[in-house]
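What follows is the residue order along each chain.
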Amino acid sequence: VLVETLEMVWSGDRRGAALERLRRSLPWLIATVPATLINPWGWGIYRALFRQERATATHSQTIVEWMPARLDWTSISGALSLRNPDGAFILLLFVAAVAVAVATARRQLGAAALLIGASALAIRHLRFQALFSVALVIIAGAVLTPALTALREKIGDARICSMLALTAVSILV
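Owing to the predicted nature of the structure, the values given are computational and were not obtained by experimental measurement. (Residues numbered from 1 in each chain as written. Predicted model: local features only at pLDDT ≥ 70, side-chain atom pairs only at ≥ 80, totals over all residues. Heavy atoms only, no water.)

## Points about the pattern of salt bridges
Thinking step 1. This structure, assessed with the given rule, holds 2 salt bridges.
Thinking step 2. Between Glu-4 and Arg-21 there is a salt bridge whose closest N-O contact spans 2.9 Å. Of this pair, Glu-4 sits in helix α1 (residues 2-7) while Arg-21 sits in helix α2 (residues 13-38), placing them 17 residues apart in sequence.
Thinking step 3. On the basis of relative accessible area, Arg-21 is assigned to the partly exposed category, the value being 32%.
Thinking step 4. The salt bridge partner of Arg-23 is Glu-20, with a shortest N-O separation of 3.8 Å. Taken together, the residues Arg-23 and Glu-20, both in helix α2 and 3 residues apart, mark about one turn of the helix.
Thinking step 5. Relative accessible area serves as the criterion here: at 36%, Glu-20 is assigned to the partly exposed category. (Salt bridge = Lys/Arg side-chain N within 4 Å of Asp/Glu carboxyl O. Helix = DSSP H or I, 4+ residues; strand = E, 2+ residues; numbered from the N terminus. Buried < 20%, exposed > 50% of the residue type's maximum accessible area, 1.4 Å probe, protein only.)

Now the structure itself:
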């Protein structure tokens, strides 16, 4: 809903397409109300979530998965080390930054906002790094694929495109 609402900022086809996607999803959004009631917790699930949120400050000090991610020069410089498992998260943050820049340049504010929010949660609590990774794969794929297709069309030469792709894959590997 947030992504589609942010797409409505633009006039023309984008606004109409976003509105149509919201209309198509309306039955599913309405279905969340009875789904919440059918849930064994019922509406009490929301009270439990708010109580859990109040306890998060205490959890951040004692439970590792609620602690914030370390983003200092040592962890960032060690991101390229094959022995450092935290390096993957740093590289994913870099991919997210590129995807946010591309999404912003292509006026996909909803995708950029969603990636920024997912990144902030993953930095704030280690527990959300897996969810951030899933969101990043889906959103960055949707943002970067059309951008790379447009870049390939702009370059035109198939050999140069192949060399650039091979270089990018080699750097990532």
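## Observations concerning the packing of helix α6 (residues 109-124) against helix α7 (residues 129-155)
Thinking step 1. Viewed as axis vectors pointing N to C, α6 and α7 meet at an angle of 160°, and their least axial separation amounts to 9 Å. Relative to α7, α6 is oriented roughly antiparallel. Our pair here, α6 against α7, has a crossing hand that is left-handed. Residue-level inspection shows Ala-111, Leu-114, Leu-115, Ala-118, Ser-119 and Ala-122 of α6 in contact with α7, the latter providing Gln-129, Phe-132, Ala-135, Leu-136, Ile-139 and Val-143. (Axes fitted to C-alpha atoms, helices over the stretch in contact; angles between N-to-C directions. Parallel < 35°, antiparallel > 145°, perpendicular 65-115°, else oblique. Left-handed = near helix turned anticlockwise from the far one by under 90°. Contact = heavy atoms within 4.5 Å.)

## Quick notes on helix α5 (residues 87-105)
Thinking step 1. Taking 1.5 Å per residue, 19 residues should reach 27 Å; α5 reaches 27 Å between its end C-alpha atoms and fits that length.
Thinking step 2. Arg-107, located one to two residues past α5, shows a positive phi value of around 60°. (Expected span 1.5 Å × (residues − 1).)

Function cannot be inferred from these measures alone, as they are strictly geometric.
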